[in-house]
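Chain and residue survey
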Amino acid sequence: MMTARWIDLNADLGEGTGNDAEMMKFVTSANIACGGHAGDDNTIQHSIGLALENNVAIGAHPGFEDIENFGRKPLQLSSEQLADQIRRQLERFENWAQKANATTQYVKLHGALANMTAANLDLAVTAYSAVKSFRKNMPVLALANSQQTIAAKQLDLPVIDEAFADRAYTDDGQLASRSIEGAVLTQDKDVLDHVTYLLTTGNVRTISGGELALSAQSICLHGDNSHAVHLARRISETIKSLNIKIKSFAN
């Protein structure tokens, strides 16, 4: 049995759910919406302030500029259009970070854009090239075992492998589609068992009943539901009970 020595907890925040202040007590890295799929100047500024008050690393969380669909609808954009959307969101976020005497510490893609880049290497290279044009050594939080990690390494960007606390995996290491029954783990026990198994074995059980090796330095907790704070607390308690330190990869 292997046990991780430390793990980062990240959550998608600044999305208008009202959970940010409570979630900041448990996470160590905050992926803050940059106004593309959610958020505006006020929420960006507020979330950055909360993160800094709680010693939480601040990450930009760009997605498709499609607030109507919360960035979860796949869009077919040209390389130039996609790069422009990503850079525009990163610049907006960095502007508010600098006003708070801070800077963007990493980037994590959101929603449909994240799913598409996890499966498509060319698209991942396009997206991360835009990130690199913003800052040549910007760390990216990427789905472990995906095309995102391959693209980041090709571009010599620092990459942090991420796993999800509340999502089931397919045998090829992708997140199971939300349309599949059992793809989203909703019960506390299922989530906590999933996290414990990952941290103690380095593996996850797949939705088909198989097993997959998964190296991860960060675990994502979804913050866009009423159950999020409770689950964040339970996950934090579970990790500490395993004598694993919770800390950000960026601090």
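Structural data are supplied above this passage.
The paragraphs below set out a description of the structure included in this document.

Turning our attention to helix α7 (residues 188-201). In an α-helix there are 3.6 residues to a turn, and that puts residues three or four apart on one side. Taking 1.5 Å of rise per residue, 14 residues should cover 20 Å, and α7 covers 20 Å from first to last C-alpha, within 8% of that figure. Buried residues along α7 sit in contact with β1 (6-13), β6 (159-164), β7 (203-205), β8 (211-213), β9 (218-221) and α8 (228-241).

Let us now look at helix α5 (residues 121-134). For α5, built from 14 residues, the straight-helix expectation of 20 Å at 1.5 Å per residue is met to within 8% by its first-to-last C-alpha distance of 20 Å. Close packing links the buried residues of α5 with α3 (79-99), β4 (106-107), α4 (111-119), β5 (140-143) and α6 (147-154). Sitting at the amino-terminal end of α5 is Asn120, which places a side-chain oxygen 3.0 Å from the backbone nitrogen of Asp122.

Moving on to the packing of aromatic side chains. Counted according to the given criterion, the structure contains one aromatic pair. Consider the rings of Tyr106 and Phe249, whose centres lie 5.1 Å apart with planes at 70°: the pair is edge-to-face. Linking Tyr106 in strand β4 with Phe249 in the segment after β10 (245-246), this pair joins segments that are 143 residues apart in sequence. Across the pair, exposure class does not vary: Tyr106 and Phe249 are buried alike. Lying across the ring of Trp96, Lys99 places its NZ or CZ 4.4 Å from the centre.

Criteria and cut-off values
By convention here, each chain's residues receive numbers from 1 onward along its written sequence. Where totals are concerned, whole chains, interfaces and linings use all residues; where local detail is concerned, this predicted model gives features only for residues with pLDDT of at least 70, and gives and counts side-chain atom pairs only at 80 or more. Side-chain measures here rest on the full set of heavy atoms in the structure, leaving out hydrogens and waters. Numbered from the N terminus, helices here are DSSP runs of H or I no shorter than four residues, and strands are runs of E no shorter than two. Helix span, as expected, comes to 1.5 Å for every residue beyond the first. Working rule for contacts: check all heavy atoms of both residues, and any pair within 4.5 Å makes them a contact. Between N or O atoms, a polar contact is any pair within 3.5 Å; within protein, one atom must be a potential hydrogen donor and the other a potential acceptor, and residues adjacent in sequence are included only when both atoms are from side chains. Between rings of Phe, Tyr and Trp, where Trp is taken as its six-membered ring, a pair exists when centres lie within 6.5 Å; planes separated by under 30 degrees are stacked, by over 60 edge-to-face, and by other angles tilted. Relative accessible area decides the class of each residue, using a 1.4 Å probe on protein chains only: under 20% of the type maximum gives buried, over 50% gives exposed, and in between gives partly exposed. Any Lys NZ or Arg CZ that is within 6 Å of a ring centre and within 35 degrees of that ring's normal is treated as a charge sitting over the ring.

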